[in-house]
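Fold and contact review
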Amino acid sequence: MRGQKPVVVAAAVVASLCLGTGVAAAGDGWGATPGSDGAGDSYYPQDGNGGYNVADYNLKVTYDPASHQLTGNQDITARATQSLSSFNLDFKGLTVDSVKVDGRDAKFARTGDHELVVTPSRALWRGRDFKVKIAYHGVPAPIDDPALGNNGWQFAQAGGAFVAGEPRSATTWYPVNDTPLDKATFHLAITVPDEWGVIANGREKPSIKTPNGTTHVWAEETPIVPYMTTVAIDKWTFDRQTRKDGTPVVSAFAPGVPDSTKQAEGRLPEILDFLESKFGKYPIDAAGGIFLNEQIGFSLETMSRPIYSAGWAGTVPTIVHENAHQWYGDSVAVEHWKDVCLNECFASYATWLWDEGKEGVDLDKQYADDVKKATTTFWNGKLYDMGQGNEFTYVYSKGPMMLHALRNYVGEQAFSRVLKTWPSLHRDGNANMQQFQRYTEAVSHQNLQGFFDAWVYGTGKPADQYLYPGDLKPAA
């Protein structure tokens, strides 16, 4: 509550009146205030919202590929973290038909680029659970990202559709608290004409035949960041396997995807076993992949089931990269987008580890060769707080080099322990770069400020003590 603390006598009088007469202060919203319209990220301050945490999204969607028309009925289960007179959801483009909060009609309005403002008939008090029911419809449209192209709901040339995008995409097809700081479970029942197949996050449940087509049901019980949710509609060829620990592995291939891609994805159980040996137990409740026959400019670590662009993406190194994200980026998500190296530097280094472990590559030599080829522009690329729009640049190239230098700086034993225990330490949560630095210092019993200043927080070519630690040497 804001403002001065009321005097004890006044508070006691109000409390006794409410208790004695049964009057609910929530009826007139006394003491409740609007939740913020953004989560406060320094790059994307209006993404996400304040005043509540979501526990679960439950979507019932009907989609017609011929008309591109989507009709949604959504149930959100959440808890108020402040006393709310109103709250916001992020939602872009589609028409909202009705909103109910705890079964009562609520007022709603659209503001700005993607804000849905909901005003319940009664205030929501801090600490209480509440339910929101939203009906909506329309033709989804992607977000045009100047760096990565279209993000969110997109249409396949063959007539289907799919969802992929980072840092945002969920807002294009359902109302959401679109911030990495608010993970929730995700349940989807989507009805499409019988000739179309569907794949989404989590575990596949039995489908249901209806007069309007087939309802496909998917359940992601691992808490998920909104941009990692996906659904893809096409005439898929499915491959279903099971890991030794019972984890279901479901992959889907669009018509036209080459056999070489299917063979690469066939190694996914082997890839997950290898990544487990480096990062600890697989932290997600399902696995697999979604292989498009569309060139979308990127592949993405959509939880439990990464989505892959056509062409270059259907290779073992890309599959290793996206599945390494299930530990680094999905289970442990960024606290702020300036921390994105915690996602991409580690997933990129996972491909180095794969090459070392499976292909016998000498990583010290590879590192030395990369240092020799590096330019001033390369060394000035930032791995932390790189600025909005620059998140997905040097984290893929300079990032794995930084981690290989760190491995040699702290020693193999400490580095391996950090890689394996960091994901379990922050499982289903969020983390920042400073926490990673402190944890690595604790495990290695070293002060790493100089190393992190040279490689992560600063720019320019690191001094030799940080560039060639341990057994690392310049290329001949």
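Residues numbered from 1 in each chain as written. Predicted model: local features only at pLDDT ≥ 70, side-chain atom pairs only at ≥ 80, totals over all residues. Heavy atoms only, no water.

The name that an unreviewed UniProt entry assigns to the protein is Aminopeptidase N, with the source organism given as Amycolatopsis eburnea. Its UniProt record, at the heading Cofactor (unreviewed entry), says of the protein: "Zn(2+)". Quoted straight from UniProt, the Sequence similarities (unreviewed entry) entry for the protein says "Belongs to the peptidase M1 family." (UniProt positions renumbered as here; feature names shortened; annotations may be inferred.)

1. A look at the packing of aromatic side chains
A full pass over the atoms with the stated rule returns 35 aromatic pairs. With centroids separated by 5.2 Å and ring planes inclined at 80 degrees, the aromatic side chains of phenylalanine 346 and phenylalanine 436 adopt a geometry described as edge-to-face. With phenylalanine 346 in helix 5 (residues 341–359) and phenylalanine 436 in helix 10 (residues 433–444), this pair connects stretches of sequence that are 90 residues apart. No difference in accessibility class separates phenylalanine 346 from phenylalanine 436, as the two residues are buried. One Lys or Arg, lysine 235, reaches over the ring of tryptophan 196 and ends 4.8 Å from the middle of that ring. (Phe/Tyr/Trp six-rings, centres within 6.5 Å; stacked < 30°, edge-to-face > 60°. Helix = DSSP H or I, 4+ residues; strand = E, 2+ residues; numbered from the N terminus. Buried < 20%, exposed > 50% of the residue type's maximum accessible area, 1.4 Å probe, protein only. Lys NZ or Arg CZ within 6 Å of the ring centre and 35° of its normal.)

2. A short note on the UniProt feature "domain: Aminopeptidase N-like N-terminal" (unreviewed entry) in the protein
As annotated in UniProt, the feature "domain: Aminopeptidase N-like N-terminal" (unreviewed entry) corresponds to residues 56–225 in the numbering used here. When the span residues 56–225 is considered, its composition is 0% helix and 61% strand, and the gap between its end C-alpha atoms is 11 Å.

3. Structural notes on the nonpolar core
Residues Phe87, Trp173 and Trp455 are the most contacted members of the largest nonpolar core, which totals 140 residues. Considering every element that reaches this core, the biggest residue donor is helix 5, with 10 residues. Lining this core are residues from two domains, each supplying at least three of them: domain 1 (35–228) and domain 2 (337–467). Residues within four places of tryptophan 173 in sequence aside, it is in contact with Leu59, Leu70, Phe91, Leu94, Tyr136, Trp153, Val163, Phe186, Leu188, Thr229, Thr230 and Val231. (Core = buried A, V, L, I, M, F, W, Y, C linked by side-chain atoms within 4.5 Å. Domains from an automatic or database assignment. Contact = heavy atoms within 4.5 Å.)

4. Some details on the sheet that holds strand 10 (residues 143–145)
Across a sheet, strands are paired by hydrogen bonds formed along the backbone, either parallel or antiparallel in direction. Pairing is antiparallel in the open sheet, where 5 strands are placed in the order 10-11-12-17-14. Every interior strand has two partners, whereas the edge strands, strand 10 and strand 14 (197–200), have only one. Here the average twist between neighbouring strands, direction ignored, is 25 degrees. Across 4 bridges, strand 14 lies against strand 17 (residues 231–234) in antiparallel orientation. Across the sheet, the residue bridging to valine 198 is isoleucine 233, located in strand 17. (Pairing = 2+ DSSP bridges. Axes fitted to C-alpha atoms, helices over the stretch in contact; angles between N-to-C directions.)

5. Examining the domain arrangement of the protein
In terms of domain boundaries, the protein breaks down into domain 1 (35–228) and domain 2 (337–467). Each of domain 1 and domain 2 has a C-alpha centre, and the two are 34 Å apart. On the domain 2 side, the residues contacting the 13 residues of domain 1 number 14 residues. With both chains or domains summed, domain 1 and domain 2 bury close to 1,200 Å², and 53% of this area falls on carbon and sulfur atoms. Of all residues in domain 1, the largest losses of buried area upon contact with domain 2 belong to Tyr43, Tyr44 and Glu166, amounting jointly to 47% of the total for that side. Inspection of the region where domain 1 meets domain 2 yields 0 salt bridges. (Buried area = accessible area lost by both parts, 1.4 Å probe. Salt bridge = Lys/Arg side-chain N within 4 Å of Asp/Glu carboxyl O.)

6. Some thoughts on the packing of helix 8 (residues 398–410) against helix 11 (residues 449–457)
It is the contact of helix 8 with helix 11, at a shortest axis distance of 10 Å, that shows an interaxial angle of 165 degrees. Viewed along their axes, helix 8 and helix 11 adopt a mutual orientation that is roughly antiparallel. Here the hand of the crossing between helix 8 and helix 11 comes out right-handed. Taken together, the residues of helix 11 that come into contact with helix 8 (itself represented by Lys398, Met401, Met402, Ala405, Leu406 and Tyr409) are Phe451, Phe452, Trp455 and Val456. Here the residues of the contact of helix 8 with helix 11 are counted per class, giving 9 nonpolar, no polar and 1 charged. (Parallel < 35°, antiparallel > 145°, perpendicular 65-115°, else oblique. Left-handed = near helix turned anticlockwise from the far one by under 90°. Nonpolar A, V, L, I, M, F, W, Y, C, P; charged D, E, K, R; others polar.)

7. A few points about the sheet that holds strand 9 (residues 129–138)
Overall, mixed pairing links the 8 strands, which are arranged 6-5-9-3-2-13-16-15 in an open sheet. Each end of this open sheet is capped by a strand with a single partner; those strands are strand 6 (104–105) and strand 15 (203–210). Bridge analysis of strand 5 (residues 95–101) against strand 9 gives 6 bridges, and the strand direction is antiparallel. Across the sheet, residue valine 101 finds its bridge partner in strand 9, namely valine 132.

8. Considerations on the environment of valine 395
Positionally, valine 395 belongs in the loop between helix 7 (376–379) and helix 8. Assessed through its relative accessible area of 0%, valine 395 is described here as buried.

9. Brief notes about the UniProt feature "domain: Peptidase M1 membrane alanine aminopeptidase" (unreviewed entry) in the protein
Under the feature "domain: Peptidase M1 membrane alanine aminopeptidase" (unreviewed entry), the UniProt entry names residues 317–455. A distance of 25 Å separates the end C-alpha atoms of residues 317–455, which is 63% helix and 4% strand.

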